[in-house]
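Here is how the chains run, residue by residue.
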Amino acid sequence: MDSGNEEKLERFGSVVVSRPDPQALWAKTLDETHWLAAKARFIKSKSGEVGAARSGSWSIAPDVPAQWPIALDGLTMLVKPTAFKHVGVFPEQVPNWQWASELIKNRAGQGSSVKVLNLFSYTGGASLAAAPGIDAFACAANSPPFAVLSAARAASIADASAMPPAASEITS
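What counts, and at which threshold
Residues numbered from 1 in each chain as written. Predicted model: local features only at pLDDT ≥ 70, side-chain atom pairs only at ≥ 80, totals over all residues. Heavy atoms only, no water. Core = buried A, V, L, I, M, F, W, Y, C linked by side-chain atoms within 4.5 Å. Buried < 20%, exposed > 50% of the residue type's maximum accessible area, 1.4 Å probe, protein only. Contact = heavy atoms within 4.5 Å. Salt bridge = Lys/Arg side-chain N within 4 Å of Asp/Glu carboxyl O. Helix = DSSP H or I, 4+ residues; strand = E, 2+ residues; numbered from the N terminus. Expected span 1.5 Å × (residues − 1). Arc of directions from axis to C-beta. pLDDT = per-residue confidence, 0-100. Pairing = 2+ DSSP bridges.

Some points on the nonpolar core
If you look at soluble globular proteins, the nonpolar side chains tend to sit buried side by side.
Okay, step 1: Phe12, Trp68, Ile70, Met77, Val79, Val89 and Trp97 are the most contacted members of the largest nonpolar core, which totals 20 residues.
Okay, step 2: For phenylalanine 12, the contacting residues outside a window of four places in its chain are Val17, Arg19, Trp68, Ile70, Val79, Val87 and Pro91.

Thoughts on the pattern of salt bridges
Okay, step 1: Considering all chains together, one arrives at five salt bridges under this definition.
Okay, step 2: For lysine 8, the salt bridge identified is with aspartate 21, shortest N-O distance 3.9 Å. Pair noted here: lysine 8 is in strand S2 (residues 7-12) and aspartate 21 is in the loop between strand S3 (15-20) and helix H1 (32-36), with a separation of 13 residues, a long-range link.
Okay, step 3: Where arginine 19 meets glutamate 10, a salt bridge forms, and the shortest distance between an N and an O atom there is 2.6 Å.
Okay, step 4: By relative accessible area, arginine 19 is classed as buried at 6%.

Some remarks on helix H2 (residues 94-109)
Okay, step 1: In a regular helix each residue adds 1.5 Å, so 16 residues correspond to 22 Å; H2 covers 22 Å between its end C-alpha atoms and thus fits that length.
Okay, step 2: Within the span of H2, buried status applies to Val94, Trp97, Ser101 and Ile104. Angular distribution of buried residues about the axis of H2 spans 90°; they occupy a single face of the element.
Okay, step 3: Buried positions along H2 lie against strand S6 (68-72), strand S7 (75-79), strand S8 (115-118) and helix H3 (125-130).

Quick notes on the confidence of the model for the protein chain
Okay, step 1: Taken as a whole, the protein chain shows an average pLDDT of 78; of its residues, 72% reach a score of 70 or greater.
Okay, step 2: Considering only residues more than four positions removed or in separate chains, one finds that residues 160-172, a stretch of pLDDT under 50, has 24 contacts.

A word on the pairing of S2
Okay, step 1: In the sheet, strand S1 (residues 2-4) pairs with S2 via three bridges, with the strands oriented antiparallel. Counterpart to glycine 4 in the pairing with S2 is glutamate 7.
Okay, step 2: Pairing geometry for S2 and S3, over six bridges, is antiparallel. Residue pairing in the sheet places glutamate 7 in a bridge with proline 20 of S3.
Okay, step 3: Counting the residues that bridge the hairpin from S2 to S3 gives two residues, and of these glycine 13 lies at a positive phi of roughly 65°.

Structure, rendered in structure tokens:
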């Protein structure tokens, strides 16, 4: 929606979210009323507090659930705000998912067996994008437990029947 003054304003489904982004060094484009209308706002910890550079808390309107599903490029993803300003979804990765998905579809269409090792299994988005055309799937062996759970949770809210049987056997 907008970004600037080290913040970004995003919409995930029907929920408008405001959170810090140190890379947004330019001026905001939208009027401040748009920013104040955000239903979820990340508030950074005060400098000097332990972990202040990357932690804080969310101020979330009472009508916003703790987590909610959204449709993102044909995938169902789960938005779940964290104490370090992430929301469990990286929409900027959609072009990468599309590229990988197209590559996989082309290989599968040529009769080739396709196997995927997801080395960045943080949200499960790349795994879901790849799943319809693959024969076997695995997360990196050193994926943190929350990443493996995120991939499994993403698969459970998506159409799991469209995934290959091996895709549900996420290794950790």
